[in-house]
Amino acid sequence: MYKYQILIEYVGTSFVGWQIQSKGKSIQKLIQAKLSKLLKEKISLIGSGRTDAGVHAIGQSAHFECKKEIQNLDKFLKSINHFVNSRNVSIININKKNLNFHARYSAKQRVYKYVIFNRLSKPSVEKDRGWHIIKKLDVSLMKKGAKKLLSIKDFSTFRSSSCNAKSPIKTMKSIKIRSVRGKIEIHFKSQSFLQQQVRSMVGCLKYLAEKKWNLKKFVFVAKSKKRILCAPPAPAEGLFLEKVIY
């Protein structure tokens, strides 16, 4: 058997998410079907983790095994992209890996980016690529809130009720926020995340930045472990899986 890793970029707007589901079109199902057709065998594609409906990726990582070695990786890359590009999915790289590699379990860190357009007008060129918020946000308050999140260990407050992770305990490696001409980008780095964790944290940071909450209330909610106290999660269209680090 031979094992290959692929890096994937996709617009999640028209998909039910990364993971194959009983109904709807998923990114995993699309790529897996095209790989099976090209390689003329049944392929099982394993991703680094699932992204929810509407969430995008700049650098999703996945692996698959096949019986025959792929002789020309560049030619193969062109062929697979011919089948998926029309669906706003691109395979940006393919690498041969040793059989011990696992797209999910070998990952050391994952980086998610959340984009907010903080301006009066809705984005046109970047439509469905960020959360449009008209009310002026205090980015300095967001940064203070982000620092407080780094000290949290139990992220139960930010965990979706449908999350099937074994534990709510996570270690946030870093949270970086930058704002340029009304576009706010928040980068979250951790080994792994709970379902809806990033979007829920952004929702709470938004409440803080628009001064609906003060910093004391923000910290209280974050540490409460009570999902019911969490602000509404930020919409999916602003979230990007940016990078998986091995």
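Residues numbered from 1 in each chain as written. Predicted model: local features only at pLDDT ≥ 70, side-chain atom pairs only at ≥ 80, totals over all residues. Heavy atoms only, no water.

1. Focus on the nonpolar core
- Core analysis: the biggest nonpolar cluster contains 69 residues, and Ile31, Phe64, Ile116, Ile186 and Phe188 have the highest contact counts within it.
- If you tally residues by element for this core, the top one is helix H4 (residues 197-209), at eight residues.
- Excluding anything up to four places from it in sequence, Ile116 contacts Trp131, Ile133, Leu137, Met142, Gly182, Lys183, Ile184, Ile186 and Val202. (Core = buried A, V, L, I, M, F, W, Y, C linked by side-chain atoms within 4.5 Å. Buried < 20%, exposed > 50% of the residue type's maximum accessible area, 1.4 Å probe, protein only. Helix = DSSP H or I, 4+ residues; strand = E, 2+ residues; numbered from the N terminus. Contact = heavy atoms within 4.5 Å.)

2. Observations regarding helix H5 (residues 215-224)
- When H5 is considered as a whole, its buried residues turn out to be Phe218, Val221, Ala222 and Ser224. With its buried residues spanning 165° around the axis, H5 presents them on a single face. Away from its buried face, by an angle of more than 90 degrees, H5 presents the exposed residues Lys216, Phe220 and Lys223.
- Contact partners of the buried residues in H5: helix H3 (139-149) and H4.
- The backbone nitrogen of Lys216 has a side-chain oxygen 3.2 Å away, supplied by the residue at the start of H5, namely Asn214.
- Once H5 finishes, Lys225 follows within two positions and takes phi at roughly 65°, a positive value. (Arc of directions from axis to C-beta. Polar contact = N/O pair within 3.5 Å; in protein donor to acceptor, adjacent residues only side chain to side chain.)

3. Here we look at the layout of surface pockets
- Of the pockets and cavities examined, the largest pocket occupies roughly 990 Å³.
- Considering the residues around the largest pocket, the lining is formed by 34 residues, among which Ser48, Gly49, Arg50, Arg104 and Phe193 are closest to the centre.
- Going through the elements one at a time, strand E2 (46-47), strand E5 (109-118) and H4 are the ones with two or more residues in the lining of the largest pocket.
- At three residues, H4 tops the list of elements feeding residues into the lining of the largest pocket.
- Taken together, the residues of the lining of the largest pocket sort by class into 13 nonpolar, 14 polar and seven charged.
- Computed from the structure, the second largest pocket encloses a volume of approximately 330 Å³.
- Leu38, Leu39, Glu69, Ile70 and Phe76 are, among the 13 residues lining the second largest pocket, the residues nearest its centre.
- Of all the secondary-structure elements, those providing two or more residues to the lining of the second largest pocket are helix H1 (27-39) and helix H2 (73-84).
- Split by residue class, the lining of the second largest pocket holds four nonpolar, three polar and six charged. (1 Å grid on protein atoms, 1.4 Å probe; cavity = no way out; pocket = protein on both sides within 12 Å on 5 of 7 lines; lining within 4 Å. Points joined across faces, edges and corners; volume = space filled by probe spheres on them. Nonpolar A, V, L, I, M, F, W, Y, C, P; charged D, E, K, R; others polar.)

4. Remarks on the environment of Lys78
- By secondary structure assignment, the location of Lys78 is in helix H2.
- Remark: the alpha-carbon pair of Lys78 and Ile27, spanning 51 residues in sequence, is separated by 18 Å.

5. Some words on the packing of aromatic side chains
- Counted by the stated rule, this structure contains seven aromatic pairs.
- Geometrically, the ring pair formed by Tyr10 and Trp18 is stacked, given 6.3 Å between the ring centres and 25° between the ring planes.
- Judged by relative accessible area, Trp18 falls into the buried class, the value being 3%.
- We note Lys97 situated over the ring of Phe101; from NZ or CZ to the ring centre the distance is 4.8 Å.
- Across the ring face of Phe240, the terminal group of Lys113 is positioned such that the distance to the ring centre comes to 5.0 Å. (Phe/Tyr/Trp six-rings, centres within 6.5 Å; stacked < 30°, edge-to-face > 60°. Lys NZ or Arg CZ within 6 Å of the ring centre and 35° of its normal.)

6. A look at the environment of Ile91
- By secondary structure assignment, the location of Ile91 is in strand E4 (residues 89-97).
- Assessed through its relative accessible area of 3%, Ile91 is described here as buried.
- Expressed as a C-alpha distance, the spacing of Ile91 and Gln60, which sit 31 residues apart in the sequence, is 9.5 Å.
- Those residues within four positions of Ile91 in sequence are excluded, and the remaining contacts are Ile6, Leu7, Ile8, Ile31, Leu77, Ile80, Asn81 and Val84.

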